[in-house]
Amino acid sequence: MATSKGTAASASTTEKSSSLQTEILLYLSTNNELNTWSYAKERGLDHQLVVGTIRSIESLGDVIKSEQHTSRSIGLTDEAKGLLRDGSYEYNIFQAIPADKGIEQPQLMKLPNANIGFAKAMSKGWLQVDKSSKPPMVKRKVDTVQDEVQHLLQRIHSLELTDSSAEEVVELKKRKLVEDVTINYFTVTKSAGFSTNISKPETDLTAEMLQSGSWKTANFKPKNFHAKGLLPSYGCLHPLLKVRTEYRQIFLEMGFTEMPTNNFVENSFWNFDALFTPQKHPARDVQDTFFLSDPAVTTKFPEEYLQKVKQVHATGAFGSIGYQYDWQLDETQKNVLRTHTTAVSTRMLYQLAQEKTFRPAKYFSIDKVFRNENLDSTHLAEFNQIEGLIADYNLTLGDLIGVLYQFFRKLGMTKLRFKPAYNPYTEPSMEIFSYHEGLQRWIEVGNSGMFRPEMLLPMGFSEDVSVIAWGLSLERPTMILYGINNIRDLVGPEVDLKMCRRNPICRVIPAKSEE
């Protein structure tokens, strides 16, 4: 039913517009000019409807021409429109008083707008109050009156009175019944192709026209070849992908090899145990880690390596006393959503250690990790981690600091500080801070350290091989680069897809070397 009503309303509007077109053309056939404002007022039409009809006729070809004008006039307020219809307050009060005996004042004051009407009627000398009676009686002082206010409003409405400086108009302004208005109207005249019989021009050349030959005499609508067409739908890169590309390029320029990170599901052995993280560590609780229910466990491990990891944890080995606890196989078999890409680094280092001859290597990865975090404006349950590591002979903490300065200089950061920290699988460990010029303070930008012998020696590395590593998130620098305050505006179901189209290209400018 709603569709039927809508169709009927649309048809009615079309018919009304077509009828008004005919009326306007007939008017111009006998008059030299049409003023849209006057035309609308004289016929009680909406001015915008008349202007729209003029535009519609102009679109049909060289039938009429119009010129826009601006003038100042006076118009009725909403309150005045009510007085124009029902009469002024003072006139209605006067008419409410019986001519012979009058009316009690309290009863009179119950009428609508009685306060204003009574005051105006008294000031004009129309009424008198007999205070000797109880209650006071209001009586007519004159026999008849004219509603001058309504008469003035009628003159203004019919454009007979347009002078806003006239004394009577000034009085109406004080009562806020009229106001100055700016009128944008058009004067319309006939053009070279004027006719009272017009037809809608054809917009398309059809097969029927070609077959019948009617196209030769048809009136076609002119084509605007300078109009901008609709933009075609196109794909775009998410800001995270743009920043990821920049970080990836930096690693490649520094000679790093990208690690395969396509396994989001990892078992606890590679994610925790091989990293010398004890099985009772808080990071392995369900409050911090997502555990899989199906498949819940993994049973395939390098057996010899597994036994070395167990020994390092339970009783100690390779010069370490370990954690001295009852290491459980079923705990290391549990499958999880990987909590860091360091699990991938562990697999790659183990493969490197199995080669007959050790070769120095530089690896990096940028991919998703998952943690059971409390969601807020800066934390999500999944995010991207950037990680880099270097394996070589006799690396020191100085080498790590030197590489970090080189890496972060390419990100535009030269002011760095390092703070001692704790990680189960690195010793020494350092948090990385950079001075933010905009915030005027030091902010944490990453974590770093040297992998412990308890992690490297069970893999098969010699004691003179060291591994330095560092990591940071991808979302935080992306939010800083693009001025995003809430991470849920960057990732997740609340993201505005238009943001992906509008955001600029990401370019990370390396900082100049300080000499």
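The residue numbering used here restarts from 1 in each chain and proceeds along that chain's sequence as written. At least 70 in pLDDT is required for a residue's local features to be given in this predicted model, at least 80 for side-chain atom pairs to be given and counted, and no such filter applies to totals for whole chains, interfaces and linings, which use all residues. Calculated side-chain values reflect all of the structure's heavy atoms, with hydrogen atoms and water omitted.

## Some details on the overall build of the chain
For clarity, the threshold we go by: A run of DSSP states H or I qualifies as a helix once it reaches four residues; a run of E qualifies as a strand once it reaches two. Both are numbered from the N-terminal end. It is over C-alpha atoms that the radius of gyration is taken, and the globule rule equals 2.2 Å times the number of residues to the power 0.38. Throughout, exposure labels follow a simple rule: accessible area from a 1.4 Å probe, protein chains only, divided by the maximum for the residue type, with under 20% read as buried, over 50% as exposed, and the rest as partly exposed. Contacts between residues were defined by any pair of non-hydrogen atoms, one from each residue, lying within 4.5 Å. Computed by Shrake-Rupley with a 1.4 Å probe, the accessible areas treat only the displayed protein chains as cover when residues are assessed.
Along its length, the chain carries 19 helices and 15 strands. For 515 residues, the compact-globule estimate of 2.2 N^0.38 gives 24 Å, and the chain exceeds it by more than 25% at 43 Å. Its C-alpha atoms put the chain at 120 × 90 × 60 Å along the principal axes. The proportion of buried residues among the 515 residues of the chain is 40%. Look at the contacts in the chain between residues 6 or more apart in sequence, and 69% of them connect residues 24 or more apart. Counting every atom, the chain has about 29,700 Å² of accessible surface; 51% of that belongs to carbon and sulfur.

## Concerning the nonpolar core
Selection rule: Here, nonpolar core refers to any group of buried Ala, Val, Leu, Ile, Met, Phe, Trp, Tyr and Cys residues whose side-chain atoms link them within 4.5 Å.
Counting residues in each nonpolar core, the largest one holds 34 residues, and the members touching the most others are Y247, F407, F408 and W470. Elements supplying a minimum of two residues to this core: helix 11 (239-253), strand 10 (361-370), strand 11 (382-393), helix 16 (397-410), strand 13 (426-436), strand 14 (441-451), strand 15 (465-473) and helix 18 (475-482). Look past the residues within four positions of F408 in its chain and what remains in contact with it is M413, L416, I432 and V445. Residues L275, L349, Y350 and Y425 belong to the second largest nonpolar core, which totals 31 residues.

## Digging into the packing of helix 4 (residues 78-86) against helix 8 (residues 148-157)
In plain terms, the rule: Where helices are involved, their axes are fitted lines through C-alpha atoms of the stretch in contact, as for all axes, and angles between N-to-C directions lie from 0 to 180°. Reported orientations rely on four angle classes, namely roughly parallel under 35 degrees, roughly antiparallel over 145, roughly perpendicular from 65 to 115, and oblique for the rest. By convention the crossing between two helices is left-handed if the near helix lies anticlockwise of the far one by an angle smaller than a right angle, and right-handed if it lies clockwise. Residue classes follow a fixed rule: Ala, Val, Leu, Ile, Met, Phe, Trp, Tyr, Cys and Pro count as nonpolar, while Asp, Glu, Lys and Arg count as charged, and any other residue, Gly among them, counts as polar.
Axis separation between helix 4 and helix 8 bottoms out at 9 Å; the angle between their running directions is 110 degrees. Regarding the angle of helix 4 to helix 8, the classification is roughly perpendicular. The chirality of how helix 4 crosses helix 8 is left-handed. Of helix 8, the residues touching helix 4 (which contributes A80, L83, L84, R85 and D86) are Q150, L153, Q154 and H157. Taken together, the residues of the contact of helix 4 with helix 8 break down into 4 nonpolar, 3 polar and 2 charged.

## Looking at the sheet that holds strand 2 (residues 64-76)
Strand pairing in a sheet relies on backbone hydrogen bonds. The paired strands run either parallel or antiparallel. Rule in force here: Any two strands are treated as partners once DSSP identifies two or more bridges connecting them.
Taken in spatial order, the 3 strands line up as 1-6-2 in an open sheet, and their pairing is antiparallel. Lying at the two open borders of the sheet, with one neighbouring strand each, are strand 1 (34-35) and strand 2. For strand 2 and strand 6 (residues 178-190), the ladder comprises 13 bridges, and the chain directions are antiparallel. Across the sheet, the residue bridging to S71 is I183, located in strand 6. Against the sheet, helix 3 (residues 47-58) engages strand 2 and strand 6, with an angle of about 175 degrees to strand 2.

## A closer look at the domain arrangement of the chain
Put simply, the rule is: Domain limits in this description derive from either an automatic procedure or a database domain assignment.
If you check the domain split of the chain, you get domain 1 (89-146) and domain 2 (239-502). Computed over C-alpha atoms, the centres of domain 1 and domain 2 are 91 Å apart.

## Thoughts on helix 7 (residues 114-123)
What counts is decided by this rule: It is the directions from the helix axis to the C-beta atoms whose arc is reported.
All of the buried residues in helix 7 are A114, G117, F118 and A121. Summarising the axial view, the buried residues of helix 7 lie within an arc of 95 degrees, below the 170-degree limit, and thus occupy one face. Across helix 7 from its buried face, at more than 90 degrees, point the exposed residues N115 and S123. As for helix 7, its buried residues are in contact with helix 5 (89-96), helix 6 (105-108), strand 4 (127-130) and strand 5 (137-140). Just past helix 7, the residue G125 takes up positive phi, approximately 75 degrees.

## Some words on a nonpolar patch on the surface
To keep things clear, this is the line we draw: Two joining distances apply to patches: 9 Å for like charges and 5 Å for nonpolar side chains (Val, Leu, Ile, Met, Phe, Trp, Tyr), and every residue must have over 30% relative accessible area and no salt bridge. The rule for a salt bridge is simple: a side-chain nitrogen of Lys or Arg has to be within 4 Å of a carboxyl oxygen of Asp or Glu.
A contiguous nonpolar patch, built from L205, L210, W215 and F220 and spanning about 390 Å² of accessible area, is present on the exposed surface. Relative to the assigned elements, L205 resides in the loop between strand 6 and helix 10 (207-212).

## Re the packing of aromatic side chains
Worth spelling out the cut-off: Here the aromatic set is Phe, Tyr and Trp, taking the six-membered ring for Trp, and pairing holds for ring centres within 6.5 Å; pairs whose planes are under 30 degrees apart are stacked, those over 60 apart are edge-to-face, and all others are tilted.
Evaluation of the coordinates by the stated rule reveals 23 aromatic pairs. Judged by centre distance (5.0 Å) and plane angle (40 degrees), the rings of F251 and F407 are tilted. You can see F251 sitting in helix 11 and its partner F407 sitting in helix 16, a full 156 residues away along the chain. For the pair formed by F251 and F407, the shared burial category is buried. On the numbers, 6.3 Å between centres and 50 degrees between planes, the contact of Y323 with Y325 is tilted. Members of the aromatic cluster, connected to one another through ring pairs, are F251, F256, F364, F407, F408 and W470.

## Re the sheet that holds strand 15
Pairing within the open sheet is mixed, and its 7 strands lie in the order 7-10-11-15-14-13-12. The two strands at the open ends of the sheet, each matched to only one other strand, are strand 7 (257-258) and strand 12 (416-423). Helix-sheet contacts for helix 11 involve strand 7, strand 10, strand 11 and strand 15, and the interaxial angle to strand 10 is about 165 degrees.

## Digging into the side chain of E90
Looking at where E90 falls in the secondary structure, it is placed in helix 5. Accessibility expressed as a relative area gives 0% for E90, which makes it buried. If we skip the residues at most four places from it in the chain, E90 touches G117, K120, A121, K124, W126, V149 and R175.

## Here we look at the packing of helix 5 against helix 7
At a minimum axis distance of 7 Å, the contact between helix 5 and helix 7 shows a crossing angle of 85 degrees. Taken together, the axes of helix 5 and helix 7 lie roughly perpendicular to each other. The residues of helix 7 that touch helix 5, namely those facing Y89, E90 and I93, are A114, I116, G117, F118, K120 and A121.

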